[in-house]
Amino acid sequence: NSLAIRNEIRTLGNLNNPSGLILLLAMPQDRHCLSETLCTIRSNVEVFTATEEDVNAPAPGRKRPVRVGQVGLRCVYCRSHRTDRVKRATCFPDA
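Reading the values: rules and limits
Residues numbered from 1 in each chain as written. Predicted model: local features only at pLDDT ≥ 70, side-chain atom pairs only at ≥ 80, totals over all residues. Heavy atoms only, no water. Salt bridge = Lys/Arg side-chain N within 4 Å of Asp/Glu carboxyl O. Helix = DSSP H or I, 4+ residues; strand = E, 2+ residues; numbered from the N terminus. Buried < 20%, exposed > 50% of the residue type's maximum accessible area, 1.4 Å probe, protein only. Phe/Tyr/Trp six-rings, centres within 6.5 Å; stacked < 30°, edge-to-face > 60°. Lys NZ or Arg CZ within 6 Å of the ring centre and 35° of its normal. pLDDT = per-residue confidence, 0-100. Disulfide = S-S within 2.5 Å. Pairing = 2+ DSSP bridges.

Draft legend 1. Structural view of the pattern of salt bridges. A full pass over the atoms with the stated rule returns four salt bridges. The shortest N-O distance in the salt bridge between Asp30 and Arg42 comes to 2.7 Å. With Asp30 in helix H1 (residues 30–33) and Arg42 in helix H2 (residues 36–42), the pair connects residues that are 12 residues apart, well separated along the chain. Of the charged contacts, one joins Asp94 and Arg64 as a salt bridge, the two residues approaching to 3.9 Å between their closest N and O atoms. Placement of Asp94 in the segment after strand S6 (90–91) and of Arg64 in the loop between helix H3 (52–56) and strand S5 (71–75) is noted, with a sequence separation of 30 residues between them. Just as Asp94 is exposed, Arg64 falls in that class too. Each of Arg62, Arg64 and Asp94 takes part in one network of salt bridges that share partners.

Draft legend 2. The arrangement of the packing of aromatic side chains in detail. Considering all chains together, one arrives at one aromatic pair under this definition. With a centroid separation of 5.5 Å and an interplanar angle of 70°, the aromatic rings of Phe48 and Phe92 are classed as edge-to-face. Of this pair, Phe48 sits in strand S4 (residues 45–49) while Phe92 sits in the segment after S6, placing them 44 residues apart in sequence. Phe92 matches Phe48 in its accessibility class, with the two residues each being buried. A cation over an aromatic ring shows up here: Arg74 above the ring of Phe48, its NZ or CZ 3.6 Å from the ring centre.

Draft legend 3. Highlighting the confidence of the model for the chain. Residues at a pLDDT of 70 or more form 72% of the chain, whose mean pLDDT is 80. When mean pLDDT is compared element by element in the chain, H2 scores highest at 94, while strand S1 (residues 3–6) scores lowest at 54.

Draft legend 4. Spatial organisation of the state of the cysteines. With the rule as written, the count across this model stands at zero disulfides. In this model Cys39 remains outside any disulfide bridge; the closest cysteine sulfur is found in Cys33, 7.4 Å from its own. With relative accessibility at 17%, the residue Cys39 sits in the buried group.

Draft legend 5. Examining the pairing of S4 more closely. By the bridge criterion, two bridges tie strand S3 (residues 22–24) to S4 in an arrangement that is antiparallel. By the bridge assignment, Leu24 is partnered in S4 with Glu46.

Draft legend 6. Geometry of the pairing of S5. Residues Gly72 and Arg74 line the buried face of S5, whereas the alternating positions Val71, Leu73 and Cys75 sit on a face that is not buried. Pairing of S4 with S5, which is carried by five bridges, proceeds in the antiparallel orientation. If you follow Val45 over to S5, its bridge partner there is Cys75. Of the pairings in the sheet, the one linking S5 to S6 comprises two bridges and is antiparallel in character.

Structural data, given as structure tokens:
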């Protein structure tokens, strides 16, 4: 995987294959205003949109259902373990 910065957006993966591209929560200017720990965390979290698979995944304790296209956050390492989801590895904020 390669790290790329395009207009302040950080991505991992092959730029020629958008379906395999990971949009990172991290921003280049993070290091100027966040601790090293927070920078590391943000560099390992991706922003994505929910699929039908995400909508149908069990989410005990969730108050509102996930909708297709809803923005979510997840660990970049847990993204490949979609069938063996680790509790709290994926989050769909309400606002």
